[in-house]
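Chain by chain, the residues run as shown.
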Amino acid sequence: MAGMGTIINVAAVLTGATAGILLKGGLPRRFQDILYSSIGLCTLFIGISGAMAGMLEITEGTLGTRDTMLMIGSLVLGAVAGELLDIEKRLESMGEWCKARFTRGGSGADNSFVEGFVTSSLVFCVGAMAIVGSLEDGLNHDYSILFAKSIMDGVLSVVFAASLGIGVYFSALSLAVYQGSITLLAGIVRPFLSDQVIGKMSFVGSILIFALGLNLIFDRKLKIGNMLPAIFMPLLLQFVL
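Because the structure is a prediction, the values reported are computed rather than measured.

1. Some thoughts on the nonpolar core
Then, number 1: Counting 44 residues, the largest nonpolar core has Phe 124, Ile 131, Leu 135, Phe 160 and Leu 193 as its most contacted members.
Then, number 2: Of all the secondary-structure elements, those providing two or more residues to this core are helix 1 (4-24), helix 2 (29-55), helix 4 (87-102), helix 5 (113-125), helix 6 (128-140), helix 7 (144-164), helix 8 (171-184) and helix 10 (195-218).
Then, number 3: Apart from residues no more than four positions distant in its own chain, Leu 135 is found in contact with Asn 140, Ile 182, Ala 186, Val 189, Arg 190, Leu 193 and Ile 198.

2. Quick look at the packing of helix 1 against helix 7
Then, number 1: Helix 7 packs onto helix 1 with a crossing angle of 25 degrees between their chain directions and a minimal axis gap of 7 Å. Taken together, the axis directions place helix 1 and helix 7 in an arrangement best described as roughly parallel. In the crossing of helix 1 with helix 7, the sense of the turn from one axis to the other is right-handed.
Then, number 2: Here the residues of the contact of helix 1 with helix 7 are counted per class, giving 12 nonpolar, nine polar and three charged.

3. What about helix 4?
Then, number 1: Across its 16 residues, helix 4 extends 22 Å between first and last C-alpha, which sits within 8% of the 22 Å expected from 1.5 Å per residue.
Then, number 2: Where helix 4 is concerned, the buried positions are Ile 87, Glu 88, Leu 91, Gly 95, Cys 98 and Lys 99. Summarising the axial view, the buried residues of helix 4 lie within an arc of 120 degrees, below the 170-degree limit, and thus occupy one face. Those residues of helix 4 that are exposed and aimed more than 90 degrees away from the buried face are Arg 90, Trp 97, Ala 100 and Arg 101.
Then, number 3: Along its buried surface, helix 4 packs onto helix 3 (68-85), helix 5 and helix 8.

4. A word on the packing of aromatic side chains
Then, number 1: Counting across every chain of the model gives three aromatic pairs.
Then, number 2: With a centroid separation of 5.4 Å and 45 degrees between ring planes, the pair formed by Phe 113 and Phe 170 is classed as tilted. One end of the pair, Phe 113, is in helix 5; the other, Phe 170, is in the loop between helix 7 and helix 8, and 57 residues separate them in sequence. Residue Phe 113 shares its accessibility class with Phe 170, and that shared class is buried.
Then, number 3: With centroids separated by 6.3 Å and ring planes inclined at 80 degrees, the aromatic side chains of Phe 124 and Phe 160 adopt a geometry described as edge-to-face. On the criterion of sequence distance, the pair formed by Phe 124 in helix 5 and Phe 160 in helix 7 is long-range, its members being 36 residues apart. Like Phe 160, Phe 124 is buried.
Then, number 4: Taken together, the ring pairs in this structure connect Phe 113, Tyr 169 and Phe 170 into an aromatic cluster.

5. Observations regarding the state of the cysteines
Then, number 1: Scanning the model with the defined rule gives zero disulfides in all.
Then, number 2: Counting only cysteine sulfurs, Cys 125 is the nearest neighbor of Cys 42, a cysteine outside any disulfide, at a range of 19 Å.
Then, number 3: For Cys 42, a relative accessible area of 42% translates into the label partly exposed.

6. Thoughts on the environment of Ser 37
Then, number 1: With respect to the element layout, Ser 37 can be found in helix 2.
Then, number 2: Put simply, Ser 37 and Ser 157 are 120 residues apart on the chain and 14 Å apart in space, counted from C-alpha to C-alpha.

7. Focus on the layout of surface pockets
Then, number 1: Taken as a whole, the largest pocket spans an internal volume of roughly 320 Å³.
Then, number 2: Taken together, 19 residues make up the lining of the largest pocket; nearest its centre are Ile 46, Val 123, Val 126, Met 152 and Ile 209.
Then, number 3: Secondary-structure elements contributing two or more residues to the lining of the largest pocket are helix 2, helix 5, helix 6, helix 7 and helix 10.
Then, number 4: At five residues, helix 2 tops the list of elements feeding residues into the lining of the largest pocket.
Then, number 5: Taken together, the residues of the lining of the largest pocket sort by class into 12 nonpolar, five polar and two charged.

8. Remarks on the pattern of salt bridges
Then, number 1: Tallying each qualifying case throughout the model produces three salt bridges.
Then, number 2: Between Glu 57 and Arg 66 there is a salt bridge, with its nearest N and O atoms 3.9 Å apart.
Then, number 3: One salt bridge in this structure joins Lys 223 and Glu 83, with 3.6 Å as the shortest N-O distance. Here Glu 83 lies in helix 3 and Lys 223 lies in the loop between helix 10 and helix 11 (233-240), a separation of 140 residues in the sequence.
Then, number 4: For Lys 223, a relative accessible area of 42% translates into the label partly exposed.
Then, number 5: Taking the relative accessible area as the measure of exposure, Glu 83 reaches 41% and is therefore partly exposed.

Calculation rules
- Residues numbered from 1 in each chain as written.
- Predicted model: local features only at pLDDT ≥ 70, side-chain atom pairs only at ≥ 80, totals over all residues.
- Heavy atoms only, no water.
- Core = buried A, V, L, I, M, F, W, Y, C linked by side-chain atoms within 4.5 Å.
- Buried < 20%, exposed > 50% of the residue type's maximum accessible area, 1.4 Å probe, protein only.
- Helix = DSSP H or I, 4+ residues; strand = E, 2+ residues; numbered from the N terminus.
- Contact = heavy atoms within 4.5 Å.
- Axes fitted to C-alpha atoms, helices over the stretch in contact; angles between N-to-C directions.
- Parallel < 35°, antiparallel > 145°, perpendicular 65-115°, else oblique.
- Left-handed = near helix turned anticlockwise from the far one by under 90°.
- Nonpolar A, V, L, I, M, F, W, Y, C, P; charged D, E, K, R; others polar.
- Expected span 1.5 Å × (residues − 1).
- Arc of directions from axis to C-beta.
- Phe/Tyr/Trp six-rings, centres within 6.5 Å; stacked < 30°, edge-to-face > 60°.
- Disulfide = S-S within 2.5 Å.
- 1 Å grid on protein atoms, 1.4 Å probe; cavity = no way out; pocket = protein on both sides within 12 Å on 5 of 7 lines; lining within 4 Å.
- Points joined across faces, edges and corners; volume = space filled by probe spheres on them.
- Salt bridge = Lys/Arg side-chain N within 4 Å of Asp/Glu carboxyl O.

What follows is the structure in structure tokens.
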């Protein structure tokens with residue numbers, strides 16, 4: 001059944017977030033802070049490894065770089081498109097709606113609701129596994145990639161929820177919409193997504209994951225949500241060039 005991979009992924013996030021929320025209640029604040037820093041480091045190095053894999057190459061024994069202009073063009077064009085759409089604000093508004101609808105305002109636990117929702121939504125949705133896994137799910141009913149992703153997302157959701165709270169629970173909604181849409185549209189978009197283009201999309205996505213890590217560790221407010229269209233710019237540039 002098409003979409004089963006996303007269903008499994010969503011279930012893993014919900015299960016992990018539930019465990020994290022239960023764990024959060026018994027954790028002192030200092031442990032919550034160190035968990036938050038740890039997940040920031042993990043996110044940072046996941047992004048670095050993916051970016052370096054996409055950017056570095058060895059030619060005749062010499063280490064060099066590739067796709068530098070693609071990276072610049074994708075990030076600039078994607079950031080402009082995302083800023084015009086104001087994706088980050090829409091994500092925050094969605095988080096605020098969920099917070100108002102499903103929680104009681106005023107408690108300290110709810111102060112990080114939107115941050116947990118937005119941050120975990122971006123972490124779960126940015127990356128090659130979400131795109132490639134959803135395509136395989138939609139085209140071949142192959143859930144193996146999304147199953148592996150589900151295990152990783154489940155573990156991450158435990159840590160996120162333990163440090164950021166119940167907002168992480170609702171990131172499953174973003175995940176379902178994002179991956180579900182790719183799965184449903186797989187037959188339309190797959191002919192245009194060669195392995196080379198998917199690799200470039202993964203490269204750009206890894207840079208955004210790295211930026212997420214910066215936000216988590218240094219408490220910066222880079223608008224990663226507004227940069228999301230950059231992931232799809234290599235596909236657009238393929239047609240233009």
